[in-house]
Amino acid sequence: MDFFSQLTVLQWLGTAFGVVQVLLARQNNIHNYLFGIIAILISIWVLYQSRLYADILLNLYYLVMSIYGWFYWKMGKQKQESPIAYATKKEHGIAIGIVLGCFVLMAYWLAGHTDSDVPYWDAVVCAFAWAGMWLMAKRKIENWIYLNISNLISVPLLIYKELYVYAGLTTFLFLVAISGYIKWKKILERKKQENGRRYAKT
């Protein structure tokens, strides 16, 4: 098996785990992180071979946030399962700060210290994905919006790099993220109605 065939096989394998991960996340299932971690490790190797260095750092960040999110979803702040919620103003501010800070740092590093031929596009993808993954770990519904901005920019970048399987996966993730936002919003609305009925009884 030649080098490019190996990369294609790895892309398909990583894609399979990535698909399971995002579908479980859409269902608000904590086990999404197990499949996500395997997909991340495969992606790191493929991205290294394709010189998408910011995406490698992004996946390392994903790895850390997946472990953090796994524990946060399970335990939360009060040592009980953390529920889906809307982000607070403070959390919105942190997410925007992550986008801006990550873009500046990644653009500077990629443009000046690597052989990347797409430093600014790579940095934008990385920036929005970092913020989205942080919000996902916090179980905030806005994570889907940030992740989809990253997905939308990432697809043409992956096509340019001839990583067609990952481009297809990212397109699929874009559609699932839209569905995930709708799914989580329904969960929040149902929770609000249940709390309203509970309050009315008291």
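Preceding this paragraph is the structure being described.
Residues numbered from 1 in each chain as written. Predicted model: local features only at pLDDT ≥ 70, side-chain atom pairs only at ≥ 80, totals over all residues. Heavy atoms only, no water.

**A word on the environment of Phe128**
Okay, step 1: Note on placement: Phe128 falls in helix H5 (residues 119–137).
Okay, step 2: Placed 23 residues apart in sequence, Phe128 and Asn151 show a C-alpha to C-alpha distance of 8.9 Å.
Okay, step 3: Excluding anything up to four places from it in sequence, Phe128 contacts Val99, Tyr146, Ile149 and Ser150. (Helix = DSSP H or I, 4+ residues; strand = E, 2+ residues; numbered from the N terminus. Contact = heavy atoms within 4.5 Å.)

**So, the state of the cysteines**
Okay, step 1: Overall, the coordinates contain zero disulfides when judged by the stated rule.
Okay, step 2: Here Cys102 stays unpaired: no disulfide links it, and the sulfur of Cys126, its closest cysteine neighbor, is 3.6 Å away.
Okay, step 3: Of the residues examined, Cys102 reaches a relative accessible area of 7% and is grouped as buried.
Okay, step 4: Relative accessible area serves as the criterion here: at 0%, Cys126 is assigned to the buried category. (Disulfide = S-S within 2.5 Å. Buried < 20%, exposed > 50% of the residue type's maximum accessible area, 1.4 Å probe, protein only.)

**A few points about the packing of aromatic side chains**
The relation between two aromatic rings is expressed through the spacing of the ring centres and the mutual angle of the planes.
Okay, step 1: In the structure shown here, the tally under the stated rule is three aromatic pairs.
Okay, step 2: With a centroid separation of 6.3 Å and 40 degrees between ring planes, the pair formed by Phe128 and Tyr146 is classed as tilted. Note that Phe128 is positioned in helix H5 and Tyr146 in helix H6 (residues 143–160), a separation of 18 residues in sequence.
Okay, step 3: Residue classification places Tyr146 among the buried residues on the basis of a relative accessible area of 13%.
Okay, step 4: For the pair Trp144 and Trp184, a centre-to-centre distance of 5.5 Å together with 85 degrees between the ring planes defines the contact as edge-to-face. (Phe/Tyr/Trp six-rings, centres within 6.5 Å; stacked < 30°, edge-to-face > 60°.)

**Overview of the pattern of salt bridges**
Okay, step 1: One pass over the full model with this rule turns up two salt bridges.
Okay, step 2: Among the salt bridges present, the one from Lys140 reaches Glu91, with a minimum N-O distance of 3.5 Å. A residue pair is termed long-range when its members are at least 10 positions apart, and Lys140 in the loop between H5 and H6 and Glu91 in helix H4 (residues 89–113) qualify at 49 residues. Here Lys140 and Glu91 have matching classes, each one buried.
Okay, step 3: Here Asp117 and Lys161 are joined by a salt bridge, their closest N and O atoms 2.8 Å apart. Highlighted residues: Asp117 in the loop between H4 and H5 and Lys161 in the loop between H6 and helix H7 (164–201), separated in sequence by 44 residues.
Okay, step 4: By relative accessible area, which is 14% here, Lys161 ends up buried. (Salt bridge = Lys/Arg side-chain N within 4 Å of Asp/Glu carboxyl O.)

**Notes on empty space enclosed by the protein**
Okay, step 1: Using the criterion set out here, one finds one cavity of 30 Å³ or more in the structure.
Okay, step 2: In this structure, the largest cavity encloses a volume near 670 Å³.
Okay, step 3: Asn59, Tyr62, Asn151, Leu169 and Leu173 are the residues nearest the centre of the largest cavity, which is lined by 32 residues in total.
Okay, step 4: Counting residues per element, the ones that place at least two in the lining of the largest cavity are helix H1 (3–26), helix H2 (32–49), helix H3 (53–75), H5, H6 and H7.
Okay, step 5: Per-element accounting of the lining of the largest cavity gives the leading share, seven residues, to H2. (1 Å grid on protein atoms, 1.4 Å probe; cavity = no way out; pocket = protein on both sides within 12 Å on 5 of 7 lines; lining within 4 Å. Points joined across faces, edges and corners; volume = space filled by probe spheres on them.)

**Some remarks on unusual backbone geometry**
Okay, step 1: You will see that Arg139, though not glycine, has its phi angle at about 60 degrees, which is positive.
Okay, step 2: Given the relative accessible area of 1%, Arg139 is considered buried.
Okay, step 3: Of note in this structure, Glu162 is not a glycine but carries a positive phi near 60 degrees.
Okay, step 4: The residue Glu162 is located in the loop between H6 and H7 in this model.
Okay, step 5: Since its relative accessible area comes to 55%, Glu162 is described here as exposed.

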